Amino acid sequence: MMSTDATSLTTQDLEFLRRPLYGFLTVAGGPLPPQPRPVWFEATAEGTIQLFTGPDTLKVRRLRRDPRASIVVAAPVGERERWLSVAGRTTVETDGAHDLAARLAARYWDLDDDPARADDLAGILAEEWVRVVIHPETVSRYAF
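The following paragraphs examine the structure supplied in this document. Everything quoted here is computed from the prediction, not taken from an experiment.

**Examining the packing of aromatic side chains**
Turning to step 1, where the next piece is worked out: Applying the stated criterion across every chain, the model contains six aromatic pairs.
Turning to step 2, where the next piece is worked out: Between tyrosine 22 and tyrosine 108 the ring centres are 5.8 Å apart and the planes differ by 35°, which places this aromatic pair in the tilted class. Here tyrosine 22 is found in the loop between helix H1 (11-17) and strand E2 (23-27), whereas its partner tyrosine 108 is found in helix H3 (residues 97-108), with 86 residues between them in sequence.
Turning to step 3, where the next piece is worked out: For the pair phenylalanine 52 and tryptophan 129, a centre-to-centre distance of 5.1 Å together with 85° between the ring planes defines the contact as edge-to-face.

Take a look at the structure:
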């Protein structure tokens, strides 16, 4: 059943979003039709969604012109159908991106048993990043 809540994530939404799933991010001001990109993300205790990216990426340049974005997260094949869409204004934050990258790498990769992934994380942490924070204005969900 599909539902839309004007501004907030539910406890069930947060539980779903804390899984290591990919989100598909779309920013305003891009090509038509929109071209979503897969991203790692984190749902925060404050009810926002955050991700990290390079400070000079095309998505950041577009968000600086028009701060609207959306992210869609879906359950993987083999599970009951479920998705969540969060749309809202974004902020681009210069602090906390390295900590976020480290948390997300630990969530998506097995850093203890895969030395190549640990090296990948070291490479990520050597780069400059920003956090993109989506402040929900519309939350839509579907669960079968």
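**Brief notes about the side chain of serine 85**
Turning to step 1, where the next piece is worked out: Tracing the backbone shows serine 85 in strand E7 (residues 82-93).
Turning to step 2, where the next piece is worked out: On the accessibility criterion, serine 85 (18% relative accessible area) is buried.
Turning to step 3, where the next piece is worked out: Those residues in contact with serine 85 that lie beyond four places of it in its chain are Ile71, Val72, Thr138, Val139 and Ser140.

About the cut-offs
- Residues numbered from 1 in each chain as written.
- Predicted model: local features only at pLDDT ≥ 70, side-chain atom pairs only at ≥ 80, totals over all residues.
- Heavy atoms only, no water.
- Phe/Tyr/Trp six-rings, centres within 6.5 Å; stacked < 30°, edge-to-face > 60°.
- Helix = DSSP H or I, 4+ residues; strand = E, 2+ residues; numbered from the N terminus.
- Buried < 20%, exposed > 50% of the residue type's maximum accessible area, 1.4 Å probe, protein only.
- Contact = heavy atoms within 4.5 Å.

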